[in-house]
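This is what each chain is made of:
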Amino acid sequence: MIISIASSVRFPAPEFENHTLPVMGLESYISDATLWRVLLLSIFLMISGICFHRCRSRKAMLLVCLAGLLVFGFLFKACPCPVGLFQNVADSVVNGQSISAGYLLLFTIPLASALIWGRLFCSGVCPLGAVQELISLTTIQIPNAIDRILRMLPIQVLLVSCVLAASGALYPLCYLDPYLPLFTWSFTFPFALLTIFFLIVGSFISRPFCRFVCPYGALLRFFAIFAAKPPSITNSDCINCKLCEQGCPNNAIFPPEDQTSTVLHTTGRRRLSLLVACLPLALFTGGVIGHFSAPLFAQLHPDVSLVGDLQADRQTSATRSFALTGESLARLQAHAIRAQNKISIGMSLGGMLFAACIMAELIANSRRREHDKKYSIDSGLCLCCGRCYQACPLEKIHVHGTSEHEK
Ligand code: SF4
Ligand code: SF4
C-alpha cells in the first residue's frame, strides 16, 4: 500500500473543473477477490503450521497440500500467486508502478511465515509445489555435489526476472510457469513442452521446479534460514540411524560432523581464509559477466527489439504497427537506450549479488558445525513435506508418547 500511495504522489491525478475525484479509502486498495486469497492463504498457512510442527504428520501435510491445490490452483487459477508477485514488486519499487495492498500482502505473508516456521508455504499452500508433491511416483536422489550447483539456479532466475520486470521488458515467470496451463487449461506450443517436461521429470525427481527453478523459492529459502521455529527432526536423542537422511528426497538433511577429525578442521579453516580472500575478485567477475550478458537480455525488451527490426528493415507486425502510430524513431530509440541502460546496470548488480550468494554458500559449507552431534535439517532447503518425520523411529515414539526413556 505504501508503494501504491507513493506512486499516486509521484503521478498526481489530473485536475478536472466540474468533477470531484472520489477519495481513495483502504477498502479501495484491497479488492474482494484478493482479500479472499489473503484470508485463505493465512488460514492455510496456520493449518500447515499445526500439521507440520504440532502433529508432525506426513498424511496431514498431504491432505493440506491437496486442499491447497484445489483452492489456489483450480479455483483461483494460480494467478495472482505469491510465486510471481515478486515481479510486480520489482516493477513497483524501480518504476513506481502501482501495486495493490492485497498483492503486497500475498507476497509478504508467506515470507513472514518462513521467517517464523520455515517454508510452510511450499508444503501446504503453493499450487505449483502441490502438483509436484502429488505426482511424485518415486524419487531418484540427486548426488549432493550436483544438487549444490543446481540449487543456485533459482537465485539466478530471481535476479534476471527482477531485472527484466523492472526494466519493463516482460514478466518472465508468467511465461515460464510450467504448471499454469494445468490450472487454466490452455496449452499452447511451445510452452506445453515445458509442462510435459516438468511433469515427467517431477515423477522421478522430487520437486524439480521448486528446487532448481522457482525464484520465489529462493526468497523463501533465504527467509527460512532465519526461522524462529525451524523444522527439527526429533526432540528425542538422535540415534544416528540415517533413516531421515535417506527419507528426504530434497537433500535437506545433513549428517553430524565427525568430531574427532583434525583433518577436517585444518582443511576447513584454510578453505575459509581462501574464500574470504577471493571475495572481491568473485564480486568483480560476477559484475563483469552480468554486464556483458545484458545485451542478450535487452533483446527481450519490446522497444529494443523494435529498434533492431526497424534498423534492419525487417517487416514484422510490430514494425507495421509502429509505422501506423506515426511516432518518431528518435523517440523510440531514446526509450530503447534507457531500457538498455537499466538492464545493463541491473545485470551488473545482479551478477555481483549472484557471485556473493555463491561465495556465501561456499563459506557456509566450509564452516565447521562443532555442536551438531545429530542429523539436522537445513531449514532453507526443507520443503516441510514431513517425509523424515515418517521415517524417523524416534518420531513415532515421540508422537505416540511411549518413549522407552520415559517408561
Ligand atoms: S519453491 Fe516455489 S513453486 Fe515450489 S512450493 Fe515453494 S513457492 Fe511454490
Ligand atoms: S520435511 Fe524437510 S527435511 Fe524432512 S523430508 Fe521433507 S524436505 Fe526433507
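Note that the structure is a prediction, hence the values are computed from the model and not measured.

Undergrad: If you had to explain the side chain of Thr195 to someone new, which residues and values would you point to?
TA: With respect to the helices and strands, the residue Thr195 is situated in helix H13 (residues 191-204). Judged by its relative accessible area of 2%, Thr195 falls in the buried class. Beyond its immediate stretch of four places on either side in the chain, Thr195 contacts Pro178, Pro181, Leu182 and Phe187.

Undergrad: Lay out the site of ligand 1 with the relevant residues and their values.
TA: Within the structure, ligand 1 sits among 14 residues, and Arg119, Cys122, Cys126, Cys210 and Cys214 are positioned closest to it. Of all the elements in the fold, those that place two or more residues in the shell around ligand 1 are helix H7 (120-124), helix H8 (127-135), helix H14 (208-212) and helix H15 (215-225). With three residues, the top contributor of residues to the shell around ligand 1 is H15.

Undergrad: Describe in detail the packing of helix H18 (residues 302-311) against helix H19 (residues 317-325), supporting the description with residues and values.
TA: Geometrically, a packed helix pair is captured by the angle between its two axes and the distance between the axes. Relative orientation of the contacting elements H18 and H19 amounts to 90 degrees, with a least axis distance of 9 Å. With respect to each other, H18 and H19 are oriented roughly perpendicular. Contacts between H18 and H19 involve Leu306, Asp309 and Leu310 from the former and Ala318, Thr319 and Phe322 from the latter.

Undergrad: An account of the nonpolar core is requested, with residue identities and associated values reported.
TA: Burial of nonpolar side chains together is a common tendency in soluble globular proteins. Formed by 68 residues in total, the largest nonpolar core has its most connected members in Val83, Phe107, Phe121, Tyr179, Tyr216 and Ile253. A per-element tally of this core places helix H4 (residues 58-75) first, with seven residues. What Tyr179 contacts, discounting residues up to four positions off in sequence, is Leu128, Val131, Gln132, Phe198, Leu199 and Phe209. Counting residues in each nonpolar core, the second largest holds 15 residues, with Val160, Leu164, Ala336 and Met347 among its members.

Undergrad: Describe the packing of aromatic side chains, listing the residues and the values that go with them.
TA: Overall, the coordinates contain 13 aromatic pairs when judged by the stated rule. Through pairs of rings, three or more aromatic residues link up here, namely Tyr179, Phe197, Phe198 and Phe209. For the cation-ring pair, Arg37 lies above Phe76, with the distance from its terminal atom to the ring centre recorded as 4.5 Å. The ring of Tyr389 carries Arg56 above its face, with NZ or CZ at 4.2 Å from the centroid.

Undergrad: How would you explain the pattern of salt bridges if you had to name every residue and give the values?
TA: For the structure shown, the criterion picks out ten salt bridges. In this structure, Glu395 and Arg56 form a salt bridge, with 2.4 Å as the shortest nitrogen-oxygen distance. Of this pair, Glu395 sits in helix H22 (residues 393-400) while Arg56 sits in the loop between helix H3 (32-55) and H4, and the two are 339 residues apart along the sequence. Given a relative accessible area of 1%, Glu395 falls into the buried group. For Arg56, a relative accessible area of 9% translates into the label buried.

Undergrad: Account for the packing of helix H5 (residues 82-95) against helix H6 (residues 101-117), naming residues and giving values.
TA: In contact at an axis separation of 9 Å, H5 and H6 are set at 120 degrees when each is read in the N-to-C sense. The pairing of H5 with H6 is recorded here as oblique in orientation. You can see that H5 and H6 cross each other, and the crossing is left-handed. Taking contact as the criterion, the partners of Pro82, Leu85, Phe86, Asn88 and Val89 in H5 are, on H6, Tyr103, Leu104, Leu106, Phe107 and Pro110.

Undergrad: Break down H4 for me, with residues and values.
TA: With 18 residues, H4 extends 24 Å from end C-alpha to end C-alpha; this agrees with the ideal 26 Å at 1.5 Å per step. Considered for burial, the residues of H4 that qualify are Arg58, Ala60, Met61, Val64, Cys65, Gly68, Leu69, Val71, Phe72 and Gly73. Sitting at the amino-terminal end of H4 is Ser57, which places a side-chain oxygen 3.4 Å from the backbone nitrogen of Lys59. Downstream of H4 by a residue or two, Lys77 has a phi angle that is positive, lying close to 60 degrees.

Undergrad: Lay out a nonpolar patch on the surface in plain terms, naming residues and giving numbers.
TA: Together, Ile140, Phe189, Leu193, Ile196, Ile200 and Phe204 make up a nonpolar patch on the protein surface, roughly 640 Å² of accessible area in all. Inspection of the secondary structure assignment puts Ile196 in helix H13. On the basis of relative accessibility, which here comes to 47%, the residue Ile196 falls in the partly exposed class.

Undergrad: So, the environment of His291: which residues are in play, and what are the values?
TA: Of note, His291 is situated in helix H17 (residues 262-298). Distance from His291 to Gly346, taken between C-alpha atoms, is 8.4 Å for residues 55 residues apart in sequence. Those residues within four positions of His291 in sequence are excluded, and the remaining contacts are Ser344, Met347 and Ser348. Here Ser344 takes part through its side chain, which lies 3.4 Å from a polar atom of the side chain of His291.

Parameters at a glance
Residues numbered from 1 in each chain as written. Chains lettered and ligands numbered in written order. Predicted model: local features only at pLDDT ≥ 70, side-chain atom pairs only at ≥ 80, totals over all residues. Heavy atoms only, no water. Helix = DSSP H or I, 4+ residues; strand = E, 2+ residues; numbered from the N terminus. Buried < 20%, exposed > 50% of the residue type's maximum accessible area, 1.4 Å probe, protein only. Contact = heavy atoms within 4.5 Å. Near = heavy atom within 4 Å. Axes fitted to C-alpha atoms, helices over the stretch in contact; angles between N-to-C directions. Parallel < 35°, antiparallel > 145°, perpendicular 65-115°, else oblique. Core = buried A, V, L, I, M, F, W, Y, C linked by side-chain atoms within 4.5 Å. Phe/Tyr/Trp six-rings, centres within 6.5 Å; stacked < 30°, edge-to-face > 60°. Lys NZ or Arg CZ within 6 Å of the ring centre and 35° of its normal. Salt bridge = Lys/Arg side-chain N within 4 Å of Asp/Glu carboxyl O. Left-handed = near helix turned anticlockwise from the far one by under 90°. Expected span 1.5 Å × (residues − 1). Polar contact = N/O pair within 3.5 Å; in protein donor to acceptor, adjacent residues only side chain to side chain. Patch = residues over 30% accessible without salt bridge, like charges linked within 9 Å, V, L, I, M, F, W, Y side chains within 5 Å. Areas by Shrake-Rupley, 256 points an atom, 1.4 Å probe, with all protein chains shown as cover.

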